[in-house]
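Residue-level listing of the chains:
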Amino acid sequence: MIFTGVSQTSILYFSHLIFFYNILIHIANFALHIVQFFNKKLRLFVQGRKNTFDIISESLTPQDRAIWFHCASLGEYEQGVPIMEELKKKHPNYKLVVTFFSPSGFEVKKNNSLADVTVYLPMDTKSNAKKFIKAINPVCAFFVKYEIWPNYLFELEKRKIPAVLVSGAFRKDQIYFKSHGSLMRKALNTFDHFFVQNEVSKTLLTAINLNNVTVSGDTRFDRVSHQIEMNNSLPFMDTFKKDRLCVVCGSTWPEDEAVLIEYINNAPSQVSFVMAPHKIDSNKIESFLNKLKKPAVRHSKMTDVSLNEASVLIVDNVGMLTKIYSYADIAYVGGGMGTDGLHNILEPATFGVPVVIGKNFEKFPEAERLRSLAGLFSVSNSMEYSSIMTKLVNDSNFRSKTGMICGHWINSNTGATKQICDYVNRFL
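Definitions and cut-offs
- Residues numbered from 1 in each chain as written.
- Predicted model: local features only at pLDDT ≥ 70, side-chain atom pairs only at ≥ 80, totals over all residues.
- Heavy atoms only, no water.
- Helix = DSSP H or I, 4+ residues; strand = E, 2+ residues; numbered from the N terminus.
- Rg over C-alpha atoms; globule rule 2.2 N^0.38 Å.
- Contact = heavy atoms within 4.5 Å.
- Areas by Shrake-Rupley, 256 points an atom, 1.4 Å probe, with all protein chains shown as cover.
- Lys, Arg positive; Asp, Glu negative; His and termini not counted.
- Charge placed at Lys NZ, Arg CZ, Asp CG, Glu CD.
- Buried < 20%, exposed > 50% of the residue type's maximum accessible area, 1.4 Å probe, protein only.
- Expected span 1.5 Å × (residues − 1).
- Polar contact = N/O pair within 3.5 Å; in protein donor to acceptor, adjacent residues only side chain to side chain.
- Core = buried A, V, L, I, M, F, W, Y, C linked by side-chain atoms within 4.5 Å.
- Phe/Tyr/Trp six-rings, centres within 6.5 Å; stacked < 30°, edge-to-face > 60°.
- Lys NZ or Arg CZ within 6 Å of the ring centre and 35° of its normal.
- Patch = residues over 30% accessible without salt bridge, like charges linked within 9 Å, V, L, I, M, F, W, Y side chains within 5 Å.
- Salt bridge = Lys/Arg side-chain N within 4 Å of Asp/Glu carboxyl O.
- Arc of directions from axis to C-beta.
- pLDDT = per-residue confidence, 0-100.
- Pairing = 2+ DSSP bridges.
- Axes fitted to C-alpha atoms, helices over the stretch in contact; angles between N-to-C directions.

Student: Which residues make up the overall build of the chain, and what are the values?
Tutor: Helix and strand counts for the chain come out as 20 helices and 14 strands. The C-alpha radius of gyration computed for the chain amounts to 23 Å, which stays within 12% of the reference 22 Å derived for 428 residues, consistent with globular compactness. Restricting to contacts in the chain with at least 6 residues of sequence separation, those with at least 24 account for 67%. Element-wise, carbon and sulfur atoms account for 53% of the exposed surface of the chain, whose accessible area totals about 19,900 Å². Of the side chains in the chain, 48 bear a positive and 39 a negative charge, and the two mean positions are spaced by 5 Å.

Student: Describe the environment of Gly168, naming the residues involved and giving the relevant values.
Tutor: Looking at the secondary structure, you find Gly168 in strand S5 (residues 163-168). Judged by its relative accessible area of 0%, Gly168 falls in the buried class. Gly168 sits 29 residues away from Gln197 along the chain, and the two C-alpha atoms are 5.8 Å apart. For Gly168, the residues in contact, after removing those within four places along its chain, are Lys145, Phe195, Val196, Gln197 and Ser201.

Student: Go over helix H18 (residues 382-394) with me, naming the residues and quoting the values.
Tutor: Along its 13 residues, H18 runs 18 Å from first to last C-alpha, staying within 8% of the 18 Å computed at 1.5 Å per residue. Within H18, the full set of buried residues consists of Ser382, Tyr385, Ser386, Ile388, Met389, Leu392 and Val393. Capping the start of H18, Asn381 holds a side-chain oxygen 3.2 Å from the backbone nitrogen of Met383, two or three residues further along.

Student: Describe in detail the nonpolar core, supporting the description with residues and values.
Tutor: Counting residues in hydrophobic clusters, the biggest one holds 41 residues, and the most contacted among them are Trp68 and Phe132. Listed in part, the 39 residues of the second largest apolar core include Phe236, Leu313, Phe364 and Ile410.

Student: Explain the packing of aromatic side chains residue by residue, including any values.
Tutor: Per the stated rule, a full pass over the model turns up 23 aromatic pairs. With a centroid separation of 4.9 Å and 80° between ring planes, the pair formed by Phe221 and Trp409 is classed as edge-to-face. In this pair, Phe221 sits in helix H10 (residues 219-225) while Trp409 sits in helix H19 (residues 396-411), placing the two residues 188 residues apart along the sequence. Taking relative accessible area as the criterion, Phe221 reaches 6% and is therefore assigned buried. Taken together, the ring pairs in this structure connect Trp68, Phe132, Phe143, Tyr152, Phe170, Tyr176, Phe177, Phe191 and Phe194 into an aromatic cluster. Directly above the aromatic system of Phe240 lies the positively charged group of Arg244, at a separation of 5.0 Å from the ring centroid. One cation-aromatic arrangement involves Lys391 over Phe398; the distance from NZ or CZ to the ring centre is 4.6 Å.

Student: Account for a nonpolar patch on the surface, with residues named and values stated.
Tutor: Together, Phe19, Phe20, Ile23, Leu24 and Ile27 line one region of the surface with nonpolar side chains, adding up to about 510 Å² of accessible area. Assignment of secondary structure puts Phe20 in helix H1 (residues 8-35). Under the relative-accessibility criterion, Phe20 is labelled exposed at 51%.

Student: Tell me what's going on with helix H6 (residues 126-136), and back it up with residues and numbers.
Tutor: Turning to H6, its buried residues number three or more, namely Asn128, Ala129, Phe132, Ile133 and Ile136. The arc that holds every buried residue of H6, seen down its axis, measures 115°, which confines them to one face. Of the residues in H6, the exposed ones pointing more than 90 degrees away from the buried face are Ser127 and Lys134. Against the buried residues of H6 lie helix H3 (52-59), strand S1 (66-71), strand S2 (95-100), strand S3 (117-120), strand S4 (138-144) and helix H7 (150-158). Phi for Asn137, located one or two positions after H6, is positive at around 50°.

Student: Quick one: what's the story with the confidence of the model for the chain, residue by residue and with numbers?
Tutor: Averaged over every residue, the pLDDT of the chain is 94; residues scoring 70 or more account for 97%. Ignoring residues within four places in sequence, the model shows residues 1-5, a span with pLDDT below 50, making 7 contacts including any to other chains.

Student: Lay out the side chain of Asn151 with the relevant residues and their values.
Tutor: Assignment of secondary structure puts Asn151 in helix H7. Asn151 gets classed as buried once you look at its relative accessible area, which sits at 5%. Within polar-contact distance, the side chain of Asn151 engages the side chain of Asn22 at 2.7 Å. What Asn151 contacts, discounting residues up to four positions off in sequence, is Ile18, Tyr21, Asn22, Asp124, Thr125, Lys126 and Ala129.

Student: Any details on the sheet that holds strand S8 (residues 245-252)? Residues and values, ideally.
Tutor: Strand pairing within a sheet occurs via backbone hydrogen bonds; the two strands may be parallel or antiparallel. Spatially, S10-S11-S9-S8-S12-S13-S14 is the arrangement adopted by the 7 strands of the open sheet, whose pairing is parallel. Each of the sheet's edge strands pairs with one partner strand only, and the pair in question is strand S10 (296-298) and strand S14 (376-378). Neighbouring strand axes in the sheet, compared pairwise and without regard to direction, differ in orientation by 20° on average. In this sheet, strand S11 (residues 312-314) lies alongside S10 in parallel orientation, the contact comprising 3 bridges. Looking across to S11, one finds that Arg298 is bridged to Ile314. Contacts from helix H12 (residues 254-266) reach S8, strand S9 (271-277), S11 and strand S12 (330-333), with the element oriented near 165° to S9.

Below, the structure is given as structure tokens:
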């Protein structure tokens, strides 16, 4: 990193910070190699990184130039997709490299057709950063939402490779805005530009003298807004839904299902339910089925007869939820009843569907905003869920008005992708 007009004391202080940061990264790396034997997800995390440089060398030549996107996990990947698609269309001569930090993102998208290379990001050591950036030879780098890795960013800055943060979301409780966060603030200073989701994020960044900020919104709005134009038909859903109201409960966790079960068991006969658990666990699905008092069928075992007889459909596979939301009259989006994190509320909202979520959504500004517009409802327990569901089911005008709020909200928040690509196209 180049220091200009900086005191020797500041340089020494920063040197100490990066020294201790690098020690912590190496300690963490060592610990992960031990605990991987006791945790399947951590084993994927460690073992998957062993192949990163081999995959790159097999996929790229020394003459290739790349556009690099780093995504923490699946949600950040979805935010990056609209930009990736647009840049790939306008700049086909560049290779597209996508990196993931988490197995939950990589394992789902490792075979995606959009990127030329999809790999785990090696741990943030100085040697890994140098080796990785040299290997992919990027013309620019995109970090999606908020994951910041100092050694990678300092190496990009050293090589004068532009780095851009997209769909950024910042909160005042993050380390960047704390007295002990000077190293991470240094890392933020390496970005050429920040494209953030809201004014709160911009205000926080400008308070630490980062003024290269544009409030562009969330690229996921662009992503989901195109879904309504696609063919979303699913023959099994036509058979299952018939002329009934359909409640789609997407990406649910056991904490969510514990709140939903009472209303499902007592719902009117004209209401059908689709349950799409976040994790496909046969034992947990069987446990949920045992609590149901209504006829149910698993997608993996369905027949036309069982679909016609069932009131509840359990989707025990992945990849279809977005299309299933197009059949919803009401949606429940999981993750917010526990502490695992709220899942994507934009997918059902784009179809003009009222959205219900759990109680924990403070870190999700899109949920806060849609709730303030009265397109989304948060519940804390079974009684509150039953209450709002009764109103949405029985009052068609209320249901329609709430759904219209959601659809309009999606349409009025598109455009982030164009702003970002217009900026990046200046140096590509």
